[in-house]
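Read off the chains here:
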Amino acid sequence: QVHMVESGGGLVQPGGSLRLSCAASGRAFSMHRMGWFRQAPGKEREFVAAINWSSGSTYYADSVKGRFTISRDSAQNAVYLQMNSLKPEDTAVYYCALAGSLNDLNYPAAAQYRYDYWGQGTQVTVSS
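Each value, and the rule that gives it
Residues numbered from 1 in each chain as written. Predicted model: local features only at pLDDT ≥ 70, side-chain atom pairs only at ≥ 80, totals over all residues. Heavy atoms only, no water. Buried < 20%, exposed > 50% of the residue type's maximum accessible area, 1.4 Å probe, protein only. Helix = DSSP H or I, 4+ residues; strand = E, 2+ residues; numbered from the N terminus. Pairing = 2+ DSSP bridges. Salt bridge = Lys/Arg side-chain N within 4 Å of Asp/Glu carboxyl O.

Draft legend 1. How the structure looks around the pairing of strand β9 (residues 92-100). Burial runs high along β9: 8 of the 9 residues are buried. Where strand β4 (residues 31-39) meets β9, 8 bridges bridge the pair, whose relative direction is antiparallel. Bridge assignment links methionine 31 to a residue of β9, and that residue is glycine 100. The pairing of β9 with strand β10 (residues 117-118) spans 2 bridges and is antiparallel. Its bridge partner being in β10, leucine 98 is matched across the sheet by tyrosine 117.

Draft legend 2. Structural context of the pattern of salt bridges. According to the stated counting rule, one finds 5 salt bridges in the structure shown. Where arginine 38 meets aspartate 90, a salt bridge forms, and the shortest distance between an N and an O atom there is 2.9 Å. A residue pair is termed long-range when its members are at least 10 positions apart, and arginine 38 in strand β4 and aspartate 90 in the loop between β8 (78-83) and β9 qualify at 52 residues. Using a relative accessible area of 5% as the deciding quantity, one classes arginine 38 as buried. A salt bridge links aspartate 90 to arginine 67; its shortest N-O distance comes to 2.8 Å. Taken together, the residues aspartate 90 in the loop between β8 and β9 and arginine 67 in the loop between β6 (58-60) and β7 (68-73) connect sequence positions 23 residues apart. Several salt bridges share partner residues, and in doing so they unite Arg38, Glu46, Arg67 and Asp90 into one network.

Everything listed here is a matter of coordinates, which is why it stays silent on function.
Printed below as a string of structure tokens:
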């Protein structure tokens, strides 16, 4: 199995920056894609960003384009989310997720059902 652990959440003022990290341990499966999702209070979980592990291709929700950057460190099985120009609307619990490569590879980056492993989440609060 794969164990996912997020870190880096916290309280930040509007306009500030925060960097989230997610480390995946256990290598029984090779990964196809890792992504970030978030869920605000009273809202459904939504897609934020994703990155293909082999190619490095990235995908972003329109709401975060130009502000967030997703990256990976293949040697450490880690994915990062650099969040700049944060807004109160970004307040949510952020989850990292992993889609394995032993299944269909043609799917939208935002397709939550395709991700096989999920972390417990890290709280991001943007407030003055």
